[in-house]
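# Residue-level structure breakdown
The chain contents come next:
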There are 2 protein chains.
Amino acid sequence: MSKLRVNAFTLSLDGYGAGPHQTLDSPLGVGGENLHKWMTSTRSFHKMIGRDGGTTDTDDMLTARGFENVGAWILGRNMFGPIRGEWPDDSWKGWWGDNPPYHVPTFVLTHHVRAPITMEGGTVFHFVTDGIHSALEQARAAADGKDVRVGGGVATIRQYLQERLIDEMHLAISPVLLGSGEHLFAGIDMPKLGYRCTETISTADATHVMIGRA
Amino acid sequence: MSKLRVNAFTLSLDGYGAGPHQTLDSPLGVGGENLHKWMTSTRSFHKMIGRDGGTTDTDDMLTARGFENVGAWILGRNMFGPIRGEWPDDSWKGWWGDNPPYHVPTFVLTHHVRAPITMEGGTVFHFVTDGIHSALEQARAAADGKDVRVGGGVATIRQYLQERLIDEMHLAISPVLLGSGEHLFAGIDMPKLGYRCTETISTADATHVMIGRA
């Protein structure tokens with residue numbers, strides 16, 4: 001059965017999340033020097049951004065696993081780009097260049113209508129203006145039996161969690177204090193929503209936490 | 001130099017803290033079945049509550065370390081007991097029986113005056129009604145050069161953190177989602193207060209996080 005998944009979503013020790021776009025756009029962003037280190041050091045990540053080398057350890061396995069059997073993605077608008085409000089024109093096509101790392105239909109949540117964009121490598125950005133349920137329905141249809149991955153950011157994951165729609169979530173807790181940002185769990189009662197921690201795996205650079213249904 | 005320390009303070013994955021009194025009083029409290037497992041399984045903990053056996057691993061070493069070179073403790077009132085408001089009488093003497101695990105002067109923050117209580121084994125409970133700075137001053141004097149340990153709970157640790165008074169903090173993050181409670185870091189900007197993560201150590205039952213001054 002097609003699952004709705006979160007993979008490789010990184011949190012600081014104090015619970016703040018940051019989407020991977022921050023890594024791709026500014027790998028050494030404010031306070032985030034070591035936040036994504038567990039992932040950016042892996043061979044899978046290197047390959048994704050067209051580099052050689054990288055580690056082939058547990059962190060790499062978990063990074064790679066996040067891309068397996070994914071038929072569509074859902075992204076919050078802030079993860080797609082820095083523009084707020086109406087789209088001024090069609091020039092912004094994401095942080096990721098001409099060939100984004102998705103390679104499947106990718107649904108961007110927004111309040112502002114925009115025509116789909118076909119990128120190189122199989123990624124097609126679709127802009128969804130009628131909410132998270134519609135985005136999920138469209139993504140499931142596009143995924144054709146494969147899973148749908150929610151890329152983030154925090155606000156988008158929180159919305160799907162609150163509707164109990166996420167089936168599996170892999171979080172990576174990095175040994176970094178951020179001090180501010182969007183908190184993933186604040187005000188969300190995970191056990192009450194039917195979730196529990198099913199497994200933890202620790203590596204040198206992160207504690208990986210698997211969350212599933214109770 | 002005498003340090004103000006937090007040791008072995010356990011947090012859930014979603015950031016909620018619970019003081020060790022919950023373990024001593026109700027080891028299987030609401031949602032907390034596995035929260036303190038890393039500690040309650042250790043030889044040091046077993047010894048503290050008068051039992052034989054227990055593990056002698058990293059978790060045990062970290063539990064034991066929390067009691068080394070401690071000359072005085074500071075506890076929030078809720079960690080001392082369930083009574084709120086005025087003390088109805090002198091019958092409540094803590095959760096820990098006649099011989100509490102402190103064995104040194106222990107300063108309890110409260111708004112309500114009460115005479116000190118001398119327990120077996122060296123613990124003397126002093127009740128401090130004029131705030132956290134006064135409690136620290138009295139504890140430092142009593143500690144006679146040794147460190148002062150803040151036992152908790154969350155509200156007490158938060159107050160000392162916000163005043164930048166804590167020198168070292170050892171947190172244990174357990175693979176448990178609690179869903180509600182008091183959040184240790186909410187609204188506290190740790191990097192801004194001058195703190196950073198200095199080390200993490202993972203065991204089967206917890207990720208131990210060491211926090212110190214940047």
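Because the structure is a prediction, the values reported are computed rather than measured. (Residues numbered from 1 in each chain as written. Chains lettered and ligands numbered in written order. Predicted model: local features only at pLDDT ≥ 70, side-chain atom pairs only at ≥ 80, totals over all residues.)

Ile 74 of chain A together with Ile 74 of chain B are the most contacted members of the largest nonpolar core, which totals 101 residues. The residues touching Ile 74 of chain A, leaving out its near neighbours within four places in the chain, are Phe 107, Leu 109, Ala 135, Leu 136, Ala 139, Val 148, Val 150, Gly 151 and Thr 156 of chain A. (Core = buried A, V, L, I, M, F, W, Y, C linked by C-beta atoms within 7 Å. Buried ≥ 20, exposed ≤ 12 C-beta atoms within 10 Å, placed from the backbone. Contact = placed C-beta atoms within 7 Å.)

What follows covers the interface of chain A and chain B. Counting from both sides, the interface comprises 22 residues of chain A and, opposite them, 22 residues of chain B. Contributing elements (two or more residues each) for the side of chain A that touches chain B: β10 (195-202) and β11 (207-213) of chain A. No other element matches β10 of chain A, which puts five residues into the side of chain A that touches chain B. Here the side of chain A that touches chain B is built from residues that sort into eleven nonpolar, seven polar and four charged. (Helix = DSSP H or I, 4+ residues; strand = E, 2+ residues; numbered from the N terminus. Nonpolar A, V, L, I, M, F, W, Y, C, P; charged D, E, K, R; others polar.)

A few words on the confidence of the model for chain A. If pLDDT is low for a region, its predicted coordinates should not be looked at in detail. Of all residues in chain A, 93% attain a pLDDT of 70 or more, and the chain-wide mean is 91. Prediction confidence for the complex, expressed as pTM and ipTM, is 0.90 and 0.87 respectively. (pLDDT = per-residue confidence, 0-100.)

Of the transformation superimposing chain A on chain B, the axial component is 0.0 Å and the angular component is 180 degrees, with the fit at an RMSD of 0.0 Å. Overall, the copies show the geometry of a two-fold rotation axis. The rotation axis passes nearest to the C-alpha of Ser 202 of chain A in chain A, at a distance of 3.1 Å. A high fraction, 100%, of the interface residues of chain A reappear at the interface in chain B, so the copies pair face to face through one surface. (Least-squares fit on C-alpha atoms with pLDDT ≥ 70 in both.)

It is a general feature of regular strands that their side chains alternate between the two faces of the sheet. Residues and elements named next belong to chain A. Counting buried positions along strand β1 (residues 4-11) yields six of eight residues, so the element is predominantly enclosed. Bridge count between β1 and strand β8 (residues 168-173): five bridges; the pairing is parallel. Along β8, the bridge assignment pairs Phe 9 with Leu 171. (Pairing = 2+ DSSP bridges.)

A few words on the pairing of strand β8 (residues 168-173) of chain B. All names here are of chain B. Most of β8 sits out of view: five of its six residues are buried. Where β8 meets strand β11 (residues 207-213), five bridges bridge the pair, whose relative direction is antiparallel. Residue pairing for β11: His 170 is matched across the bridge by Met 210.

The next thing to look at is helix α4 (residues 58-65) of chain B. Residue and element names in this part refer to chain B. Asp 59, Asp 60, Leu 62 and Thr 63 are the residues of α4 that are buried. In an axial view of α4, the angular spread of the buried residues amounts to 165 degrees, which keeps them on one side of the axis. On its buried face, α4 sits against β1 (4-11), α2 (37-40), α3 (43-48), β8 and β11. (Arc of directions from axis to C-beta.)

The next thing to look at is helix α7 (residues 154-162) of chain B. Residues and elements named next belong to chain B. Within α7, the full set of buried residues consists of Val 154, Thr 156, Ile 157, Tyr 160 and Leu 161. Buried positions in α7, seen along its axis, are confined to an arc of 165 degrees and lie on one side of it. Positive backbone phi, approximately 60 degrees, marks Arg 164, located one or two places after α7.

Another point: unusual backbone geometry. In this chain, Gly 152 of chain A is followed by Gly 153 of chain A through a cis amide linkage whose omega measures -5 degrees. Looking at the secondary structure, you find Gly 153 of chain A in the loop between β7 (147-152) and α7 (154-162).

We now examine the environment of Ile 74 of chain A. Here Ile 74 of chain A lies in strand β3 (residues 70-76). Along the chain, Ile 74 of chain A and Asp 52 of chain A lie 22 residues apart, while their C-alpha atoms are 28 Å from each other.

What follows deals with the environment of Asp 98 of chain B. Take Asp 98 of chain B: it is sitting in the loop between α5 (77-80) and β4 (105-109). In the structure, Asp 98 of chain B is positioned 116 residues away from Ala 214 of chain B in sequence and 41 Å away in space, judged by C-alpha atoms.

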